[in-house]
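Now for the letters of each chain:
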Amino acid sequence: MCSNVKSYNINLSCHPAVMFMNSNKSEINIRKMIQENRQICSMAGISLMKECIIHKGPGRDIDREAVNMLIVLLLTGKYDTIVVKELTDITDDKSDLEEFMRDTAGIGVGFFEISTMRYYIYEEMGRSAGEKRPVWKEEKTADEDTKR
């Protein structure tokens, strides 16, 4: 995990999401996995939509074509969440992962990791000389706000 990333348990209201999978499984098995993941996501307040990006490349890092397909879907504004089994499905390289997550945060998109049931959101937080540094923060629910 990136050194400046924090994760939190979630209990969110509905977030429209696109799934990204890094898998070489058969189409039937992928469809079963998506259906199972859709049920898991719904319990966490995430609505996994019909569109899914499946990367079937030989390496662990996503290729340019898969990234471009994902970005095109995100730029439609229909999604505010990317669902992955594990964040490392995107890339094993921490700096590449952080850069990708920072870029998607720029258009208001966070990440839901199924394996941990955690939601990750990236924010810029001001430092003393006006510099910006990355901060990962919890997305609060209405229930949590009323408890305080």
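Keep in mind that what you see is a predicted model, and the values were worked out from it rather than measured.

### Overview of helix H2 (residues 64-75)
The terminal C-alpha atoms of H2, which comprises twelve residues, lie 16 Å apart, in line with the 16 Å expected from a rise of 1.5 Å per residue. Among all positions of H2, only Ala-66, Val-67, Leu-70, Leu-73 and Leu-74 are buried. Within H2, the buried residues cover an arc of 125 degrees as seen down the axis, which keeps them to one side. Exposed and oriented more than 90 degrees from the buried face of H2 are Arg-64, Glu-65, Val-72 and Leu-75. Those residues of H2 hidden inside the fold are in contact with strand E2 (15-22), strand E3 (46-55), strand E4 (81-84) and helix H3 (94-105). In the stretch just after H2, Gly-77 is the one whose phi turns positive, near 80 degrees.

### Focus on the pairing of E2
Of all eight residues in E2, seven are buried; the element is thus mostly enclosed. As defined by bridge partners, E2 adjoins E3 across seven bridges and the pair is classed as parallel. Paired with Pro-16 across the two strands is Ser-47, which belongs to E3. Running through helix H1 (residues 27-43), the crossover from E2 to the neighbouring parallel element E3 is right-handed. Bridge analysis of E2 against E4 gives three bridges, and the strand direction is parallel. The partner of Met-19 across the bridge, within E4, is Val-83.

Each value, and the rule that gives it
- Residues numbered from 1 in each chain as written.
- Predicted model: local features only at pLDDT ≥ 70, side-chain atom pairs only at ≥ 80, totals over all residues.
- Heavy atoms only, no water.
- Helix = DSSP H or I, 4+ residues; strand = E, 2+ residues; numbered from the N terminus.
- Expected span 1.5 Å × (residues − 1).
- Buried < 20%, exposed > 50% of the residue type's maximum accessible area, 1.4 Å probe, protein only.
- Arc of directions from axis to C-beta.
- Contact = heavy atoms within 4.5 Å.
- Pairing = 2+ DSSP bridges.
- Right-handed = clockwise from strand over helix to strand, strands pointing away.

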